[in-house]
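# Report on the structure
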Amino acid sequence: MLEAIGQAIITVFTPGILMWAFFGVIIGLVVGILPGLGGAATLAILLPIVYRVDPSVALTFLIAIHAVVYQGGLVTSVLFGIPGEETSTATLLDGYPMAQKGEAGRALANGQTASLLGGVFGGVVLAVLIPIAKPIILAFGPPELFMIAIMGLSFVAAFARGSAIKASIAGALGLLVSYIGFHDGTGALRYTGGNLYFWQGINIIPVMMGLFALTEVIDLAVKGGTIAKGEKTEVKFADIKQGIRDVFKHWWLMVRCSAIGTGIGIVPGVGGVVAQFICYGHAKQTSKRQHEFGLGCPEGVIAPESGNNSKVGGAVLTTLAFGIPGSAAMVIILSALMILGIEPGPDMLGKHLDLLWLIVVTLIVANIIAGIIGLVLAKPLAQLTFVKSSILIPIIILLVVVGSYGVANDVRDVGFAFGFGFVGFFMKTHGYSRITFTIGYVLGDFVERYFLISLTSLGPAFLFHSPIALVLLILTILGLSGGGIKNLIQKIMLKRPEGE
Amino acid sequence: MSHGSRIFAFSLLLIVILFFIPTMTYTFKARVFPLIALFAAASLLIIQIVQEFLPKPKAEETDEQRERKGFGRKHLSIWAWMVCTPLMLWVLGFMGTVVLLPFLYLRFQREGWLVTILVSAGCGVTFYFFFGFALKMPLYPGLIYLKIFS
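Keep in mind that this is a model prediction, so the values were computed, not measured.

## Quick word on the domain arrangement of chain B
The domain boundaries assigned to chain B delineate domain 1 (1-61) and domain 2 (71-150). The C-alpha centroid of domain 2 of chain B is placed 37 Å from the C-alpha centroid of domain 1 of chain B.

Structure follows, in structure tokens:
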């Protein structure tokens, strides 16, 4: 095995292959930055490259693109409040307020450093777990997945700012919207009105674009000036250094969120959208500065970014070791392997060990290259928050248009994005949390699907069939009652001196 | 609580009630989760509406609320742009919107001709290069083009 690792490192650092990796990183970053252009679509467009070049070159190129797409996605999330990728939505919750305070450089550095370290963490875990991954993956069935989703939903309480009732209303409405479309458990068409457009439900990208980006556009147009409203008028290199230092200051949070991301990546079908919100919720629940979340807290950028990038390592592991792709991008990687005549699964661990390690090393190297590029570009990119709003607004609106349109090349998606823009504006004005709406929307279908599968296959007591699901249930209850327990302990501690 | 807040809560309740009607026509398995969400939303909205009508001590107006009050015309203007953009896309197509939207917006904001032309042309070239040329995205040509050439 050591020989295979050494060979993989030598191969990746060959100038020819390194150049392809670099090229892949640039494409991945650009695709990530441009809203609506999914990494999967880009991989599909570039898939024919596997016919023309050496297998190691093709795999290096495709993996490098996929490894850094999420890293690119954070740029527009921070600068304009537009999620570049759906997995960068949680990043904007604190990244954009930081930009509004004139700390875009720091926020970008937070995100880039956390992404870099998270990606490397995912790669290292992938390397370590390759020989022992099978029992871990097989341990996660429908009851465990159901509990992961419930755990995510429980964060609605953690995300609530202001009125808890309004936050819960928004969460319930998000759940409701997630049920629009074809129900694969029964074949029913729910709330479609007989319209084909709604069969697959409402796509998440137009919803996010509307709820977050367009709402901020309205605010920006009304207030005028620049995105950055703080006292700062320029981005300094010290901001970038501060951003890097923040990540090392919160290194334990970064490690925890990377572990959550990798764990979620390993489980097929959960996805980075869920991972980022679980990481963000976890960061908020465990932070001493909970009240600062949502107002521009660096931990709110570090947590989702380390989580969504480390997820790639976990997802690659499942794809390579079992041939089970957890996302559309992984399906393309799997197709590339099959075109090359490589059977994922036990074959990868035996006959093609060299290629497997090549992928692991590429994942790590690509993240390092992207991190360095991201940090170098952070300062000039952050300057965009000091550009006049009258120039930025039409550009942001166009990014929303192209981002929503690009999902399915359907003009109706753009209409939906603008519709949700108005909804988001009223939600913001009247204090209904857009974040809890998003959590409900992302997890609604997921909870229902795995609940019905678990119920059908294991009966009503399905949770008691799985120790992991029970542990997740206990963690959820502890998380929900965390505030209450903390208050109780504080009361006891305060009472003690009186008694003594 | 403001009238706007009450109207918004009532509108949400109305939407929830509208969702109830088709939900009852689904099979048990298909309606159980939507019903949970609907009941949760409806009961919480009723509590919220009751709270909205309860007399409360007048809270001090925040800076943001003060700012919002003072910008009626600006709100109207950006809302008009938000309504017009999808319509523009539908009628003029992707490339028409990409060039015309920044041009018109910048002119309405009284930006100089040079900035207006540079930004509009820059948007046209950049968006076409990335999405049309490099990624071969089928750019929607617009209703006018389709009517003339189909």
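Once you've had a look at it, read on.
## Let's talk about the interface of chain A and chain B
If you look at the interface, chain A gives 58 residues, while chain B gives 59 residues. Both faces considered, chain A and chain B share a buried interface measuring about 5,300 Å² in area, 81% of it formed by carbon and sulfur atoms. Among the residues chain A hides against chain B, the three largest losses belong to Tyr191, Val222 and Leu398 of chain A. Together they make up 12% of the total. Remark: the boundary between chain A and chain B carries 1 salt bridge. Glu111 of chain B is paired through a salt bridge with Lys388 of chain A; the nearest N and O atoms lie 2.9 Å apart. The interface formed by chain A and chain B contains 7 residue pairs in polar contact (both at pLDDT 80 or more). Counted by class, the side of chain A that touches chain B contains 41 nonpolar, 10 polar and 7 charged residues.

## Here we look at the nonpolar core
Ranked by internal contacts, the top residues of the largest apolar core, which has 144 residues, are Phe437 of chain A together with Ile78 and Phe127 of chain B. Among the elements that take part in this core, helix H11 (residues 204-223) of chain A stands out by supplying 14 residues, more than any other. Looking at which domains feed residues into this core, each of domain 1 (1-61) and domain 2 (71-150) of chain B gives three or more. If we ignore the near neighbours within four places in the chain, the residues touching Phe127 of chain B are Leu398, Leu399 and Val402 of chain A together with Phe94, Val98 and Gly132 of chain B. Phe61, Leu356, Val360 and Ala366 of chain A belong to the second-largest nonpolar core, a separate cluster that totals 59 residues.

## Observations concerning the packing of aromatic side chains
Here the structure, examined in full by the defined rule, presents 34 aromatic pairs over all chains. On the numbers, 6.4 Å between centres and 20 degrees between planes, the contact of Phe182 of chain A with Trp199 of chain A is stacked. On the criterion of sequence distance, the pair formed by Phe182 of chain A in strand S1 (residues 181-182) and Trp199 of chain A in the loop between strand S2 (189-190) and H11 is long-range, its members being 17 residues apart. By relative accessible area, which is 38% here, Trp199 of chain A ends up partly exposed. Aromatic pair Tyr197 of chain A and Phe198 of chain A: ring centres 5.2 Å apart, planes at 75 degrees, arrangement edge-to-face. Given a relative accessible area of 13%, Tyr197 of chain A falls into the buried group. Take Phe198 of chain A: its relative accessible area is 17%, and that puts it in the buried class. These aromatic residues form a ring-pair network of at least three members: Phe422, Phe425, Phe426 and Tyr432 of chain A together with Phe8 and Trp79 of chain B. Above the face of the Trp113 of chain B ring, Arg107 of chain B is positioned so that its terminal group lies 4.0 Å from the ring centre.

What counts as what
Residues numbered from 1 in each chain as written. Chains lettered and ligands numbered in written order. Predicted model: local features only at pLDDT ≥ 70, side-chain atom pairs only at ≥ 80, totals over all residues. Heavy atoms only, no water. Domains from an automatic or database assignment. Contact = heavy atoms within 4.5 Å. Buried area = accessible area lost by both parts, 1.4 Å probe. Salt bridge = Lys/Arg side-chain N within 4 Å of Asp/Glu carboxyl O. Polar contact = N/O pair within 3.5 Å; in protein donor to acceptor, adjacent residues only side chain to side chain. Nonpolar A, V, L, I, M, F, W, Y, C, P; charged D, E, K, R; others polar. Core = buried A, V, L, I, M, F, W, Y, C linked by side-chain atoms within 4.5 Å. Buried < 20%, exposed > 50% of the residue type's maximum accessible area, 1.4 Å probe, protein only. Helix = DSSP H or I, 4+ residues; strand = E, 2+ residues; numbered from the N terminus. Phe/Tyr/Trp six-rings, centres within 6.5 Å; stacked < 30°, edge-to-face > 60°. Lys NZ or Arg CZ within 6 Å of the ring centre and 35° of its normal.

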